[in-house]
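Observations on the model geometry
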Amino acid sequence: MSHEAADDTLVERLARPALPLDLLAVVCYAVAGVALLSQPGVYGTPLAVAIGLPLLFFAPGYAVVSFLFPGATPDDAAANWSVADARQHGLTGGERAALGFGISVALLPLLGVALGFSPWTIVPGTVLLSVAGVASAFSVLGAIRRLRRPADRRFSLPIRAWSEGARRALSGGSATDAILNVGLAVAVVVAVAAVGYAVAAPASGPSYTGVSLLSQNETGTLVADDYPRSFTSGESKPLVVELTNHEGSRTDYSVVVELQRVEQKTNGGSKVLQEQELATFTPSVRAGESWRTTHEVTPTMTGEDLRLVYLVYKGNPPSDPTTDNAYRHVHVWITVSQ
């Protein structure tokens, strides 16, 4: 027996039902996908989409299906099997793939709700980790359930059938037929890759950065309203400034906060008569994510209708920050008394 095992070919060893190769591949893909998508400069690129789509829309569902249906479907199975029969005897590879996609789509909203009730925020990193965790956990549990079944009743990838089919396609017939078969296979791979790239590559759209001023209402919720308007010189009141990065890559920002005394002109323009710099922030924000900080506004310049302005720049700010040279800006009018 040991001599026969040593003489087995690689295909025969891989085809043994004792090796849950599909579930091992799911775990490896989930781990590798999270590792690659966590690298700087990868998020938001076509490569990230190509890696992330199977991880989100196939891997967790396929793992759940493998956990629920560890058995193999016999070739002579009846077409009108019930769900109970499927749980007892298993599913075919095509049925597993189809259900894997459907269950993944159904799982994503549930994971989003679970993250919403958890201490973690819903950002790409936590979503990827939760999806990869579900896929890996159910893959391990599915492998355990599969290995507890008799060897002839476990689902396994039909590697031997695939190998024999490929060998017949290449060896059967003339050399011309073999060349045509290889050419057809290459054409299919190229077509699938082209379609995959078309789906993965994001359409070119406008890149921008969103900036908002927020304050807490009576219930403690942050809203873009109810800003503090009246100050006493030296008194501090909080405002929350938020940046949202839609630039497509990690961006370094500078946020310069100024209190300005402004003269309104008759033509609708304005002139800054006096300015006081209150604070400067230098956040670095990943693509698709938001940065938020609470700024304790402490003005010492007094007067009515003073402009509290937040000037946003990519990189370092100029020596003389103004609303004209700022990349983005947002402001609120306040009054500061003695």
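Structure report, in brief.

Parameters and conventions
- Residues numbered from 1 in each chain as written.
- Predicted model: local features only at pLDDT ≥ 70, side-chain atom pairs only at ≥ 80, totals over all residues.
- Heavy atoms only, no water.
- Helix = DSSP H or I, 4+ residues; strand = E, 2+ residues; numbered from the N terminus.
- Phe/Tyr/Trp six-rings, centres within 6.5 Å; stacked < 30°, edge-to-face > 60°.
- Buried < 20%, exposed > 50% of the residue type's maximum accessible area, 1.4 Å probe, protein only.
- Lys NZ or Arg CZ within 6 Å of the ring centre and 35° of its normal.
- Salt bridge = Lys/Arg side-chain N within 4 Å of Asp/Glu carboxyl O.

Examined against the element boundaries, Ala35 turns out to sit in helix α3 (residues 21-37). Between the alpha carbons of Ala35 and Leu129 there is a distance of 9.9 Å; along the sequence they are 94 residues apart.

A word on the packing of aromatic side chains. Aromatic ring pairs are described here by two measures, namely the spacing of the ring centres and the angle between the planes. All chains considered together, the criterion is met by 3 aromatic pairs. Ring centres of Phe67 and Phe138 lie 5.6 Å apart, and the angle between their planes is 70°; on these two criteria the pair is classed as edge-to-face. Taken as a pair, Phe67 in helix α5 (residues 59-68) and Phe138 in helix α8 (residues 124-147) lie far apart in primary sequence, 71 residues in all. Relative accessible area serves as the criterion here: at 23%, Phe67 is assigned to the partly exposed category. Since its relative accessible area comes to 26%, Phe138 is described here as partly exposed. Directly above the aromatic system of Phe231 lies the positively charged group of Lys237, at a separation of 5.2 Å from the ring centroid.

Attention shifts here to the pattern of salt bridges. All chains considered together, the criterion is met by 3 salt bridges. We note a salt bridge from Glu242 to Arg292, for which the minimum N-O separation is 2.4 Å. Note that Glu242 is positioned in strand β4 (residues 237-246) and Arg292 in strand β8 (residues 290-297), a separation of 50 residues in sequence. Exposure remark for Glu242: the relative accessible area of 14% places this residue in the buried category. On the basis of relative accessibility, which here comes to 48%, the residue Arg292 falls in the partly exposed class.

From the geometry alone we can't say anything about function, so treat these as descriptive.
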